[in-house]
Amino acid sequence: MKVTTTTESRLSTIDFNNLGFGAGLSDHIFMCEYKNGSWGEGIIQPYGSLKQGLGLHALHYGQAVFEGQKAYRQEDGSIAIFRPERNWERLNKSGARMLIPEVPKELFMEGLMELIRLDAEWVPRGANTALYLRPFLFSSSEFVAARPSEEYTFAIVTSPVGELYTKPVKVKIEQHFTRAAQGGVGYAKAAGNYGGAFLATRKAVEEGFQQVLWTDHADHAYLEEAGTMNVAFVVDGTLLTPALSDRILEGITRESILVLAKEWGIPVEERRISVEEIVSAAREGRLEEAFGMGTAAVVSPIDGLGYIGEILPVPAPSEGLAMRVKAALADIRYGRSADHHGWMTKI
Ligand code: COI
């Protein structure tokens, strides 16, 4: 791997006491190019501009996928990443759907590790902070014919982050827009899935919500995801979450929370969940909690559901399941409790 280090670190421009989410990008990036049917040598260089011009294929046709993961400062000062192999697997699953060549595991892992080692000082130390890692893959030929690119770029940028949501969120049960359709790309972390959600989210925000609670494409009768997160409900003591399908992202936080809940003896059901079921449970006082699960937000309690002009309150107990899983995950991630599952990879 060829490494060129920066001569002008931007570290001092970051206010580590007030980290938002994703604005300040770290000093170095990892990059590797796919040309003539194979991946070249990975390079690390200072953060900077792309060398391609405006014919860049990804800008025109959106053949682009990404990952979101985090590196955590451990109690002893060292650094560890949460389940990086799962992100590598999912990146390639997303890439396969978008006809992007597979990234070899060694390339992904070595690029990630080396980059974090070099920018170790960018891994924050405060409570609930992390270095957000953004591996991404995009088509990098320069032409405007509507056919797959011949060249691709795999890159990683990183950013020190705090909490995405510091308070419980209100979500609007979407009755018009659709995030994903059967046979589409909803399960992939395709760039356009996020761009396509911005309008619906903007409208929900204008109506006083923080996020959209996505429903199915056919009748808006089944609940699917909450904003950029997977969603879970606790009804009559059972943890319910929509079953994975080609419309739902296979969340690694979701998967890890289900593992913990099952170990704790909490009944877990992964199945279709109707709007009607959750709205009735909320009206009857049987909806004990609702929360989003994702890398950026970790666990985000939902305290209100907007449903056709009405706001149904949802309890967000400080001692509930959402807070319990959030604390348990944090203890594992920051090295405060034993990593029985082998989820942490030390840098
Ligand atoms: C995640 O939380 O997993 C995300 O992908 C969020 C990101 C779009 C900011």
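The residue count restarts for each chain, going from 1 along the sequence in the order it is written. Totals for whole chains, interfaces and linings use every residue, but because this is a predicted model, local features are given only for residues with pLDDT of at least 70 and side-chain atom pairs only at 80 or more, for both listing and counting. Think of the side-chain values as coming from all heavy atoms in the structure, minus any hydrogens and water.

A. Representation of helix H8 (residues 321–333) in the model. Secondary structure counts use DSSP, requiring at least four H or I residues in a row for a helix and at least two E residues in a row for a strand, with both numbered from the N terminus. Expected span of a helix: the number of residues minus one, times 1.5 Å. Between its terminal C-alpha atoms H8 stretches 18 Å, which fits the 18 Å expected from 13 residues at 1.5 Å a residue. Working definition: with a 1.4 Å probe on protein chains only, accessible area under 20% of the residue-type maximum means buried, over 50% means exposed, and in between means partly exposed. Within the span of H8, buried status applies to Leu321, Ala322, Val325, Lys326, Ala328, Leu329, Ala330, Ile332 and Arg333. Count one or two residues on from H8 and you reach glycine 335, which has phi positive near 75°.

B. Seen up close, the pairing of strand S9 (residues 152–161). Counting buried positions over the 10 residues of S9 gives 10, a clear majority of the element. Burial along S9 is two-sided: Tyr152, Phe154, Ile156, Thr158 and Pro160 and Thr153, Ala155, Val157, Ser159 and Val161, pointing in opposite directions, are all buried.

C. Representation of the packing of aromatic side chains in the model. Planes of paired rings set the category: under 30 degrees apart is stacked, over 60 is edge-to-face and the rest tilted, where pairs are Phe, Tyr or Trp rings (Trp by its six-membered ring) whose centres lie within 6.5 Å. Applying the stated rule across the entire model yields 9 aromatic pairs. Considering the side-chain rings of phenylalanine 21 and tyrosine 132, the 5.0 Å spacing of their centres and the 65° angle between planes classify their relative orientation as edge-to-face. With a gap of 111 residues between them, phenylalanine 21 in the loop between strand S1 (2–3) and strand S2 (28–35) and tyrosine 132 in strand S8 (residues 130–139) connect regions that are remote in the sequence. Exposure remark for tyrosine 132: the relative accessible area of 9% places this residue in the buried category. Seen from their ring centres, phenylalanine 30 and phenylalanine 154 are 5.9 Å apart, and the 65° between their planes marks the pair as edge-to-face. Placement of the pair is phenylalanine 30 in strand S2 and phenylalanine 154 in strand S9, with a sequence separation of 124 residues. Put simply, the rings of Phe30, Phe108 and Phe154 touch in pairs and so form one group of aromatic residues. Over a ring means this: the NZ of a Lys or the CZ of an Arg is within 6 Å of the ring centre and within 35 degrees of the ring normal. Over the aromatic face of tyrosine 222 sits the side chain of arginine 272, whose NZ or CZ is 3.9 Å from the ring centroid. One Lys or Arg, arginine 324, reaches over the ring of tryptophan 264 and ends 3.8 Å from the middle of that ring.

D. Geometry of the pairing of strand S18 (residues 310–313). Pairing geometry for strand S17 (residues 298–307) and S18, over 4 bridges, is antiparallel. Residue pairing across strands places tyrosine 307 opposite glutamate 310, the latter belonging to S18. What makes two strands pair is DSSP finding at least two bridges between them. Linking S17 back to S18 in an antiparallel pair, the connection comprises 2 residues, with isoleucine 308 at a positive phi of about 45°.

E. Inspection of the site of the ligand at higher detail. Throughout this document, a residue counts as near a molecule or strand when at least one of its heavy atoms sits within 4 Å of that molecule or strand. Taken together, the residues surrounding the ligand are Phe21, Tyr132, Arg134, Lys189, Tyr194, Thr228, Gly294, Thr295 and Ala296. One nitrogen or oxygen atom from the side chain of lysine 189 is found 2.5 Å from an oxygen atom belonging to the ligand. Pairing of N or O atoms within 3.5 Å defines a polar contact, subject to two protein rules: one partner must be a possible hydrogen donor and the other a possible acceptor, and residues neighboring in sequence count only if both atoms are side-chain atoms. Between an oxygen atom of the ligand and a main-chain N or O atom of threonine 295, the distance comes to 3.1 Å. When the residues that make up the shell around the ligand are grouped by side-chain class, the tally is 4 nonpolar, 3 polar and 2 charged. Here the term charged refers only to Asp, Glu, Lys and Arg, the term nonpolar to Ala, Val, Leu, Ile, Met, Phe, Trp, Tyr, Cys and Pro, and the term polar to all other amino acids, Gly among them.

F. Geometry of the packing of helix H2 (residues 84–97) against helix H3 (residues 105–118). To get an axis, a line is fitted to the C-alpha atoms, and for a helix only the part in contact is used. The angle between two axes follows their N-to-C directions and goes from 0 to 180 degrees. H3 packs onto H2 with a crossing angle of 130° between their chain directions and a minimal axis gap of 10 Å. With respect to their mutual orientation, H2 and H3 come out oblique. Between H2 and H3 lies a crossing whose hand is right-handed. Here H2 contributes Pro84, Glu85, Asn87, Trp88 and Leu91 to the contact with H3, which in turn contributes Lys105, Phe108, Met109 and Leu112. Broken down by class, the residue content of the contact of H2 with H3 amounts to 6 nonpolar, 1 polar and 2 charged. An angle below 35 degrees is read as roughly parallel, one above 145 as roughly antiparallel, one from 65 to 115 as roughly perpendicular, and any other as oblique. By convention, the crossing between two helices is left-handed when the near helix turns anticlockwise from the far helix through less than a right angle, and right-handed when the turn is clockwise. By definition, residues are in contact when any of their heavy atoms lie within 4.5 Å.

G. Fine view of the environment of tryptophan 214. One can find tryptophan 214 in strand S11 (residues 211–215). For the pair tryptophan 214 and glutamate 75, spaced 139 residues apart in sequence, the C-alpha to C-alpha distance is 38 Å. Excluding residues that lie within four positions of it along the chain, tryptophan 214 makes contacts with Glu174, Phe177, Thr178, Arg179, Ala197, Ala200, Tyr222, Leu223, Glu224, Glu225 and Gly227. A distance of 3.4 Å separates a polar side-chain atom of tryptophan 214 from the backbone oxygen of glycine 227.

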